[in-house]
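The residues making up each chain are set out below.
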Amino acid sequence: MAKVAPKAARHTNTAVTAMRRRSDKGQGTVEYVGVLVLVSLIIAAIVGSGVDESIAEGLSSTVDGILGGGE
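Just so we're clear, the structure is a prediction, and the values are computed from it rather than from any experiment. (Residues numbered from 1 in each chain as written. Predicted model: local features only at pLDDT ≥ 70, side-chain atom pairs only at ≥ 80, totals over all residues. Heavy atoms only, no water.)

**Points about the overall build of the protein**
Which entries qualify depends on this criterion: Every helix listed is a DSSP run of H or I at least four residues long, and every strand listed is a run of E at least two residues long, numbered separately from the N terminus. Burial classes follow relative accessibility: with a 1.4 Å probe on protein chains only, a residue under 20% of its type's maximum area counts as buried, one over 50% as exposed, and anything between as partly exposed. Here the accessible surface of atoms and residues is derived via Shrake-Rupley with a 1.4 Å probe, and residues count as covered only by protein chains that are part of the display.
Across its full length, the protein carries 3 helices and 0 strands. Taken over 71 residues, the protein has a buried fraction of 0%. Accessible surface for the protein amounts to roughly 6,400 Å². Of this, 65% is attributable to carbon and sulfur atoms.

Written as structure tokens, this is what we have:
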């Protein structure tokens, strides 16, 4: 059992060393920009298809129904 601990320690050191060698600098920014581009494309598709008007009308009628304005 004494041999198990050094192997585990070597594996840990190897993993930590590999993580330190990786260059992840700026990766968060790239992912953030990717999400922004994706959301922008979705919004452009919704606005371009005219679905936004039917969604707005549906929400408006639902709010009117809840507030009693649609009676």
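There is more to say after this.
**Brief notes about a nonpolar patch on the surface**
As a reminder of what qualifies: Residues enter patches when their relative accessible area tops 30% and they take part in no salt bridge; the joining distance is 9 Å for like charges and 5 Å for the nonpolar side chains Val, Leu, Ile, Met, Phe, Trp and Tyr. Salt bridge criterion: a side-chain nitrogen from Lys or Arg within 4 Å of a carboxyl oxygen from Asp or Glu.
Together, Leu 38, Ile 42, Ile 46, Val 51, Ile 55 and Leu 59 line one region of the surface with nonpolar side chains, adding up to about 520 Å² of accessible area. Counting residues per element, the ones that place at least two in the nonpolar patch are helix 2 (27-49) and helix 3 (51-67). Along the polypeptide, Leu 38 turns up in helix 2.

Spatial relationships are all this shows, so hold off on functional conclusions.
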